[in-house]
Structures are given as structure tokens and as C-alpha cells.
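Residues per chain, in single letters:
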Amino acid sequence: MSELLIEIGTEELPAIPLLKELPNIEKKWQNILDEYHLMSEFEFYYTPRRLVFFHKNFHQKQEDTTAEFIGAPKSIAFKEGKLTPAGEAFLEKAGIKENELEFKEIKGKEVLYYQKTLTGKNSVEILGEMINKFLKSLNFGKSMRWGDHSFEFIRAIRNIACVLGDQLVEFEIFGVKSSKKTFVHRSVSYDFCPFRSIKEYFQILENNFIILDPKKREEKILNEFKELEIKHNITISEDKELLAEVVAITEYPKALFGSFDKAFLEIPNEAIITSMRENQRYFAVFNNNKLSNHFIVVSNAVCEDYSKIIHGNERVLKARLSDAMFFYQNDLQKGLEPEKLKKIVYLENLGTMSDKSSREIELAKILCEFLKNNDFEKISKAIYYAKADLTTQMVYEFTDLQGIIGGYYAAKMGLEQEICLAIKEQYLPNSEKSDLPSTEFSSIVALANKFDTLLGLFSIGKIPSGTKDPYALRRAANGILKILLKLNKNFDINAFLEKALKNYQNFNLQILKDFIFERIYTFYDLNPSFIKAVLVSKNSDIVSIDESIKALAKISQKSNFSDYFSTFKRLANIAQKTTNTIDESLFVEAEKKLYTAFKESLKALTIEEKLNKLFALKSEIDAFFEAVMINDKDEKLKSNRQALVFSIYQEFLKIADIKELSL
């Protein structure tokens, strides 16, 4: 066992593709180790210019392994004493000659068989092959070629160091010969730096401003953030995604405090923050919960005086904010102009953005009816203006701020506060962890937008398939369910869709209904059969569905649930649909007790209470099964008992279909 160091040195790796592939990198190297029977623990590090694997204990040689080859039955492998193509294929697969063939009886058949010992190779012989296979397995999205080479990688590979026990492992891949050299921070030197041992490699990097461990780089950044917060009495925005990106593009990070002219604070905060974050990777700064005219930039430079770096970043930001100020002031002179939406095509066969707004207003009318909301006039006004910011210069520059910018402009125009807020929140939720609309008014505007998107796209056949979802329709469906759950009002999704369909090209509405309800499975960390049991009940009120799933999940946690389940599964299997009424005069004692307890369960006020009362019928149902024969020879008794069993099952069915549960 020896130490193993592998460093893949590259030109600067782009942060976003690197971070997307990051969760897979260690797994893919582990898969290579498993494939080559060289399993061992390792540490993985990365900087913008290198991927590094370090094994403290790595095998000098593969262990010997036994390979077993099983082929076709002897009767198929030989015909008239000669090998058939199936037999010859086996020889090639096992790497043997005909006189080495063996036979073995497996599952009653004599088949071709051969077993041989594979001698393990020295690690130095195969490490180059392993690294080559590993690099080709990485998927960063777009790749590039360099020089006159035909191979591709995310960025040009400039150096490969592979050292086993301080000895260089020699090979050439991607046009690069392995070597015992690395490169240090660009602020120190652009030249390659040789090293003699693995220990010296780590020392060279540490002494030349390379923090190899990304966790230590992040720790350094956060510690410097705390120092700046104390020094300047500020709060730096928490942004985990931006922090990860900054860690990925620095080798020796240094947090710096910069400023911009207070006059720019006239621009909407979101536009300032977006400009700093997306274009420059700056962190926003707050003072007493208000956006400050300062920012934090994390530099990758190493120097004694950072003032020039700060000044350079301030100058770049000033130019960007000057553009934003120009767009903002120009837009304010015109205000929101919904009539211009007639010139913006939404989608082929779905008209313009103006047409979309009109459809949303029609949907809002139905939503208000279903939710018993009396604000339709205001809501329709909000929707009329909601998409108008798409015609503004600010949204053209900051596309992610559509809606948000519209909310600001609506306020400047003097529109009611409710309308301004609804315009701002119309696209919420716009991600898995996003906030939801804060009011019912805003929720109806957001629901109208999402329902129109789904109905419109489904009506023209733009239905997601597999993992493809270019119009984010799954996100729209998730958003609808989340909003309705937050509103906590009765809302029959199926009935709403059927009424809303009149404004769209006719299509199979059941496909959309199924699409929406399938999203419910992602909302709960639960046995899927419990969710299916509730959905099979055909209830299409999302609040009621949620209550049913939670009630079923809660009762299933009881220690004796499996006993209760077996009783009611039997009842569900016996139940047959019938229109017969129950005649109490025909009851024997066990039936009377069951029916009395059953009627009591119907008085439950909540779904959870009702489910508990129904499951509490277990002893009476067991006694009923013990005392009577349901399929009695007497047709009256038979029909009456079937009616009783079906009535109980039918009450369960209003909550969940017991038949669908699997424990």
C-alpha cells in the first residue's frame, strides 16, 4: 500500500458546469476503482484549475481474481460433433481453445463452462487507463477541443500528475504526458513548479496561495464576512448558491468591501442585487434591513494593497447600475402599457401575450366563483397589467425580474397596493423552495397564470414526456397544488378544469387531470400506495386529499395497524356494489352492534376523526364475520348483509380505497 496523488490540471473551469457535475465526480472515480478491483478510500479536492484525488493507502497491485464463464447447453454448442457458432462465441469470450473446454451441470442442463484465475496487474500499468476512462465519464455539458486534438473536455488539460509512493506513473492521455509538476497561484508564477514527493506537492501549494480544500476556502470567506460585518456594522446577504460559485472560482479567496453611489438606490432593490449577483458575483449588503450602497466582492488575487481591485470593481458596477438607472427612468416616463402585449407572440396557436392575459381574466372569474372571492374586478385589473412589464427596458435587461419590476411600476402609476403586490407575486412559486403568494388576492392571480399555462400548452399538444419539460409545466402544477393547500379552501380541481376548458381547443382533459394529481406523490415522504389509495377515491379537492393522506399516514403508525388493515382489507374485498337499502328488522345481534357503531362513525366532523371511528369498527366487524354468513341462502338476508358491508366500505372509499394499500 502506498500514497497515490492524481492531479488533473486545466485552464479555468467554469463554475456552474463544475458545480452541477460535482456530486457525481467522486462516485464516478469510485466506480472506476470498483471496476478495476482497486477499491480504497480517497479525498477529493478541486480549485478552478485542478481536480485532485489523494489516496493515503492505495494498492500497488490488483488482487488476483477468478473469472467464471458459462455458455450454451452442450446440445446447442455442438452439432454432429462440431462446434456451432454459439460454441465458437464461447471460446472467444473465455479466451480458450476447444481442447480446454469443460462442461458443468447447471439447473439440470450440461452447459459449456470454464473457470480461470486472472492475475492482477500492477497499478502503474493501469492507472493511465483508469484516469482516461474517468475523465471521459465526466459530463459538464458543453465541451471544447484545443490545438489540433480530436478529444474534448470542458477546458483544455494542461498537466497531469500521477504519483504512486512518490514515484511518477508514466502515461499519456489527452495529449499530455504525466509529470511530477503542478502550477501555483497566478499571482505568484505562471510557470510549472516541479515537486519530488507527494508531501512536497502539498507544501508547495500551501506556500504559494493555493487552498486545495474547497471547505477551507468557504470557511475563509465566511470568517472574513464576519469580520467585515463587525467592522462596518452591516449584514451580508446569505446566498449559498453564490457562495458555492465563488468557492469554485477562487484558489485563495479574499473578501473585499466596496461601495457605489447612493443615488443608484432609487433603482428597485431586486435590480441592483441581480446586477451585482449575476453579472459580477457580488454579495449584497444590508444596513438595518435596508439595502446599502455597498457590496462584497471575493477576489482571487494575492497582493498587499487591494485598493485598486476594489476601485476596479466599483467602476465596473457603476457602469452597470448607470445602465439600469437609464432603463428605469425611461420606463417610468411611459408606465405600464398593456396594449403593447398585442405585439408579443406568446406561443404559436395560443396567440399573443395580450390573448394570454384575456384568458387568465376568464379563469380568474371562475376561480373567484369556486373560492367565493368577491374581488374579481380588482383581480381582473391586476391581470390586465400583470404582463405589461415584458415590454419595458428593465425586464429586457433583467428577464428574471419580470413581475417584480411590474409591481414597482404599478405602484409608481398609483395602482392599488393589492394590485401591485399581485403583479409582483404572479409567478410564485417559481422554484421548489420559493415563497408562495402572500394573499388570496395574489394567489388567484398566480393560479390564473399557472392554470392558463397548463390548459394552453396541453391544448396544443405540448405535454411533458420523460424528463423533458421545456415549458416547466410540472413546476406550474406543483405551484397550483401548493397555493391551493395554503389557501386551505374547498376547491374541486376537476370541476374547475371542466368549466375552464371552454376557452381552449378541445383535448382529452383527463390527461391534464392525471398530470396534476401525479404531482401529489412528490409532496409526501410516504408509502406511495397510501397516496394512491386516496387518489383512487376520486376525490378532487386538494385540501381534502391532503387531510386524507395525513390521516391515513398517522393511523398507520399505530402498532396494531396491520391487524386492523387485514380486517378492513377483507371487508373491502367482500364488498360488492349494490343499490339495496339496509333493513334493520332483518339484523341478528352482531349486525345490530355493527350498524349502531357504524352510524355513530358518520357523526365525525373531520376526516381524521372519521377514519379513526371507522377503524374502531374492527371488533364489531370481526364479530360480524364470525356470527353470520354473508352469502346466505335466504336472498333477503344476503342482500341486506351485502348492503351493510358495502355501506361501510363506501364510507372508507370517500377517504381512501383500502384495496390499494400495501404494507
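Let me begin by describing the structure that accompanies this report. (Residues numbered from 1 in each chain as written. Predicted model: local features only at pLDDT ≥ 70, side-chain atom pairs only at ≥ 80, totals over all residues. Heavy atoms only, no water.)

It is worth spelling out the overall build of the protein chain at this point. When you go through the protein chain residue by residue, the secondary structure sums to 25 helices and 18 strands. On C-alpha atoms alone, the protein chain measures out to a radius of gyration of 35 Å, which is more than a quarter above the 26 Å that the 2.2 N^0.38 rule sets for 663 residues. Expressed as lengths along the three principal axes of its C-alpha atoms, the size of the protein chain is roughly 100 × 95 × 50 Å. Expressed as a percentage of its 663 residues, the buried residues of the protein chain come to 50%. Across the protein chain, the fraction of contacts at a sequence separation of at least 24, relative to all contacts at a separation of at least 6, is 68%. Summing over all exposed atoms, the protein chain offers an accessible surface of approximately 34300 Å²; the carbon and sulfur share of this is 47%. Of the side-chain charges in the protein chain, 92 are positive and 96 negative, and the distance between the mean point of each set is 2 Å. (Helix = DSSP H or I, 4+ residues; strand = E, 2+ residues; numbered from the N terminus. Rg over C-alpha atoms; globule rule 2.2 N^0.38 Å. Buried < 20%, exposed > 50% of the residue type's maximum accessible area, 1.4 Å probe, protein only. Contact = heavy atoms within 4.5 Å. Areas by Shrake-Rupley, 256 points an atom, 1.4 Å probe, with all protein chains shown as cover. Lys, Arg positive; Asp, Glu negative; His and termini not counted. Charge placed at Lys NZ, Arg CZ, Asp CG, Glu CD.)

Residue placement: serine 443 occurs in helix 15 (residues 440-459). Judged by relative accessible area, serine 443 falls into the buried class, the value being 2%. Within the structure, the side chain of serine 443 is placed 2.8 Å from the backbone oxygen of threonine 439, a separation counted as a polar contact. Not counting chain neighbours up to four residues away, the residues in contact with serine 443 comprise Pro437, Ile483 and Leu487. (Polar contact = N/O pair within 3.5 Å; in protein donor to acceptor, adjacent residues only side chain to side chain.)

When we look at burial in helix 23 (residues 607-615), the residues that qualify are Ile607, Lys610, Leu611, Leu614 and Phe615. Down the axis, helix 23 shows its buried residues gathered within 130 degrees of arc, on one side only. Buried-residue contacts for helix 23 involve helix 20 (542-556), helix 21 (561-574), helix 22 (589-601), helix 24 (618-627) and helix 25 (635-653). (Arc of directions from axis to C-beta.)

We now examine the environment of glycine 87. Inspection of the secondary structure assignment puts glycine 87 in helix 3 (residues 85-94). In the structure, glycine 87 is positioned 16 residues away from glycine 71 in sequence and 7.7 Å away in space, judged by C-alpha atoms. Those residues in contact with glycine 87 that sit more than four places away from it in its chain are Ala77 and Leu112.

This next bit is on the sheet that holds strand 7 (residues 102-106). The three strands are arranged 4-8-7 in an open sheet whose pairing can be described as antiparallel. Two strands close off the open sheet at either side, each with one partner strand: strand 4 (65-73) and strand 7. On average, each strand axis in the sheet is inclined to that of its neighbour by 40 degrees, with strand direction left out of account. Note: strand 7 against strand 8 (residues 109-118), five bridges, orientation antiparallel. Bridged to isoleucine 106 within strand 8 is lysine 109. Helix-sheet contacts for helix 3 involve strand 4 and strand 8, and the interaxial angle to strand 4 is about 175 degrees. (Pairing = 2+ DSSP bridges. Axes fitted to C-alpha atoms, helices over the stretch in contact; angles between N-to-C directions.)

A few words on the layout of surface pockets. Empty space within the largest pocket amounts to approximately 1900 Å³. Lining the largest pocket are 41 residues, and of these Asp400, Ile404, Tyr427, Leu428 and Asn430 sit closest to its centre. Secondary-structure elements contributing two or more residues to the lining of the largest pocket are helix 8 (269-280), helix 10 (353-371), helix 12 (393-397), helix 14 (417-425), helix 15 and helix 16 (473-487). No other element matches the five residues that helix 8 contributes to the lining of the largest pocket. Across the lining of the largest pocket, the residue classes tally to 17 nonpolar, nine polar and 15 charged. (1 Å grid on protein atoms, 1.4 Å probe; cavity = no way out; pocket = protein on both sides within 12 Å on 5 of 7 lines; lining within 4 Å. Points joined across faces, edges and corners; volume = space filled by probe spheres on them. Nonpolar A, V, L, I, M, F, W, Y, C, P; charged D, E, K, R; others polar.)

Spatially, four strands are ordered 15-17-18-16 in an open sheet, and the strand pairing comes out antiparallel. In this open sheet, the two strands that pair with only one neighbour each are strand 15 (235-236) and strand 16 (254-259). Across four bridges, the pairing between strand 17 (residues 283-287) and strand 18 (residues 290-299) is antiparallel. Paired with asparagine 287 across the two strands is lysine 290, which belongs to strand 18.

Right, let's get into helix 18 (residues 509-518). Residues of helix 18 that are buried include every one of Leu509, Leu512, Lys513, Phe515, Ile516 and Phe517, and no others. Structurally, helix 18 contributes buried residues whose contacts are with helix 15, helix 16, helix 17 (493-500), helix 19 (528-536) and helix 20.

This part takes up the pattern of salt bridges. Under the definition given, this model contains 39 salt bridges. With a shortest N-O distance of 3.2 Å, lysine 356 and glutamate 360 are connected by a salt bridge. Taken together, the residues span about one helical turn, with lysine 356 and glutamate 360 both in helix 10 at a distance of four residues. Neither residue differs from the other here; lysine 356 and glutamate 360 are each classed as buried. (Salt bridge = Lys/Arg side-chain N within 4 Å of Asp/Glu carboxyl O.)

Interhelical geometry of helix 1 (residues 15-35) versus helix 7 (residues 240-248) gives an angle of 105 degrees and a closest axis separation of 9 Å. Considered as vectors, helix 1 and helix 7 are oriented roughly perpendicular to each other. On helix 7, the residues that touch Ala15, Ile16, Leu18 and Leu19 of helix 1 are Ala244, Glu245 and Ala248. (Parallel < 35°, antiparallel > 145°, perpendicular 65-115°, else oblique.)

With that settled, the discussion passes to the pairing of strand 1 (residues 2-10). Of all nine residues in strand 1, eight are buried, a share of seventy percent or more. As defined by bridge partners, strand 1 adjoins strand 3 (residues 50-58) across seven bridges and the pair is classed as antiparallel. Pairing of glutamate 7 across the sheet is with valine 52, part of strand 3. In this structure, strand 1 lies alongside strand 9 (residues 157-164), joined through seven bridges in antiparallel fashion. Considered in strand 9, the bridge of isoleucine 6 is made with cysteine 162.

Mapped onto the fold, glutamate 339 is located in the loop between helix 9 (307-334) and helix 10. Counting along the chain gives 14 residues from glutamate 339 to methionine 353, while the straight-line C-alpha distance between them is 9.9 Å.

Further remarks concern the packing of aromatic side chains. On inspection of all chains with the given rule, the structure shows 38 aromatic pairs. Geometrically, the ring pair formed by phenylalanine 54 and phenylalanine 202 is edge-to-face, given 5.1 Å between the ring centres and 75 degrees between the ring planes. Here phenylalanine 202 lies in helix 5 (residues 198-207) and phenylalanine 54 lies in strand 3, a separation of 148 residues in the sequence. The exposure class assigned to phenylalanine 54 is buried, which follows from its relative accessible area of 8%. The class of phenylalanine 202 is partly exposed, set by a relative accessible area of 25%. Ring-pair connections join several aromatic residues into one group, and the members of that group are Phe530, Phe561, Tyr564, Phe565, Phe568, Phe615 and Phe652. If you follow arginine 217 out to its NZ or CZ, it ends over the ring of tyrosine 46, 5.5 Å from the centre. (Phe/Tyr/Trp six-rings, centres within 6.5 Å; stacked < 30°, edge-to-face > 60°. Lys NZ or Arg CZ within 6 Å of the ring centre and 35° of its normal.)

Another point: the packing of helix 10 against helix 15. At a minimum axis distance of 8 Å, the contact between helix 10 and helix 15 shows a crossing angle of 125 degrees. Here helix 10 lies oblique to helix 15, going by the angle between them. Crossing hand, helix 10 versus helix 15: right-handed. Along the contact surface, helix 10 presents Lys356, Arg359, Glu360, Leu363, Ala364, Leu367, Cys368 and Leu371, while helix 15 presents Glu440, Ile444, Leu447, Ala448, Asn449, Phe451, Asp452, Thr453 and Leu455. Grouping the constituent residues of the contact of helix 10 with helix 15 by class yields ten nonpolar, two polar and five charged. (Left-handed = near helix turned anticlockwise from the far one by under 90°.)

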